[in-house]
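What follows is each chain in one-letter form.
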Amino acid sequence: MKKKFVLAGLLAIAMLAGVFLWFRLHAAPQADFDASEKTAEDASALVKTQLVNRQSMDNDLMVFGDVAPGKLSTVSFPQAGQIIQMAVVAGQQVQQGDLLALLASDPGVQASYAQALSAAKFAGSELRRNEELLALQLATQSQVDAARKQLQDAVSTLAAQKKLGGEAGVAKVLAPFHGVVTALSAAQGDRVAAGVALMQLGRLDVLRVQLGVEPAQSRLISVGMPVAISAVQDAADSVTTKISEIQNIVDPKTQLVNVIAELPVKAASRLVPGMHVQASIQLDKKMLWSVPRQAVLNDEKGAYLFQVKAGKALRIPVAKAVENAATFGVEGKLDPALPVVVLGNYELQEGMSVREAAR
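To start, this report covers the structure provided alongside it. These numbers were taken from a predicted model, which means no experiment stands behind them.

Here we look at the packing of aromatic side chains
Each aromatic ring pair is characterised by the separation of its centres together with the angle its planes make.
Point 1. All told, the structure shown has 1 aromatic pair when counted by the stated rule.
Point 2. When the ring of Tyr-304 is compared with that of Phe-306, the centres are 5.6 Å apart and the planes differ by 90°; the resulting orientation is edge-to-face.
Point 3. By relative accessible area, Tyr-304 is classed as buried at 11%.
Point 4. The ring of Phe-177 has Arg-203 sitting right over it, with the charged end atom 4.4 Å from the ring centre.
Point 5. In this arrangement the basic side chain of Arg-315 is found over the ring face of Tyr-304, its NZ or CZ atom lying 3.7 Å from the centre.

Have a look at this one:
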């Protein structure tokens, strides 16, 4: 009898253990699920926000280029001869009136000048003799007129030979303006013909900044647009000028379209020929939403940002129109009354709860 009570007790304990085990296997997962679901619903992100507004923003195009001298001029001798002194080298700066080269005139040029000088003296003597004979009625007026015409022709020939350098045995070439020698095409000791180029001289009173622009973007630029030019290493120290020329052809070396801006040297003391520069061309102005750069995110759907409405993250698609160092100018359906998330936005999803940090 006693054994029956023991067996019944053990059976009851086993049944209770089975019920408890069943409850743990079936009821506990449901409780865990409910708890996790509640946690997900209560999930939130700590973010920093700020209000943004629409404002007029410069639509700038950033390009790069080089500083070059102004208009190039070819320097030459008007007469043939031999270069006995080349007084400059390539890259040298010269002031107006500085000596560039000395040329010993060609012997043939000097002989032609001597002949022209002798002919002019003879024609003058003939005119005076005929005028004296006319006074004595031993010559006619026609003879005097012919002598005067001969003198005029001789004087014209002498003047031409003088311009060709026949008067001086050594001719000087002086710098016509303040500039820099960009290239030499002759050397000391060379014999040159009349009019042959000796060197190229670039003006330094006005610099030319040559900027390379992508062909697709060149049609956005027009003459007269403002442009800020600075050294690549010092963007803060810039000089403002305007676009003066657009070369409507692709440079075969760079595959870019060259855009020219002229720059007075007095306004750009730190810019010298040969220097690499960067430039910001102001294309136009637009009314845009000005937002911090870190507020704008990108994914496969494009650019977007988050605004906060009733404590929830609201995703707003945007389009970048202007890019500056610290901000983006964007277009999109933003609500000016709602703050934009500027920090912590990488963790956000549409509809997610947010906790705002102090602004």
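Once you've had a look at it, read on.
Topic: the sheet that holds strand 5 (residues 93-94)
Point 1. Strands sit in the order 3-10-8-5 across an open sheet of 4 strands; the sheet is antiparallel. Because the sheet does not close on itself, it has two edges, and the strands there are strand 3 (72-76) and strand 5.
Point 2. Taken together, the 5 bridges between strand 3 and strand 10 (residues 197-203) define a ladder with antiparallel strand orientation. Along strand 10, the bridge assignment pairs Ser-76 with Ala-197.

Comments concerning the nonpolar core
Point 1. Ranked by size, the top nonpolar core spans 25 residues in total, and within it Ile-221, Val-227, Ile-229, Ile-243 and Ile-281 carry the most contacts.
Point 2. Residue assignment for this core shows that the elements contributing at least two residues are strand 2 (54-68), strand 11 (206-213), strand 12 (226-231), strand 13 (234-250), strand 14 (257-264) and strand 15 (276-292).
Point 3. If we ignore the near neighbours within four places in the chain, the residues touching Ile-221 are Leu-61, Val-213, Ile-243, Ile-246, Val-259, Ile-281 and Leu-283.
Point 4. Listed in part, the 19 residues of the second largest apolar core include Ile-83, Leu-100, Val-181 and Met-199.

Parameters and conventions
- Residues numbered from 1 in each chain as written.
- Predicted model: local features only at pLDDT ≥ 70, side-chain atom pairs only at ≥ 80, totals over all residues.
- Heavy atoms only, no water.
- Phe/Tyr/Trp six-rings, centres within 6.5 Å; stacked < 30°, edge-to-face > 60°.
- Buried < 20%, exposed > 50% of the residue type's maximum accessible area, 1.4 Å probe, protein only.
- Lys NZ or Arg CZ within 6 Å of the ring centre and 35° of its normal.
- Pairing = 2+ DSSP bridges.
- Helix = DSSP H or I, 4+ residues; strand = E, 2+ residues; numbered from the N terminus.
- Core = buried A, V, L, I, M, F, W, Y, C linked by side-chain atoms within 4.5 Å.
- Contact = heavy atoms within 4.5 Å.

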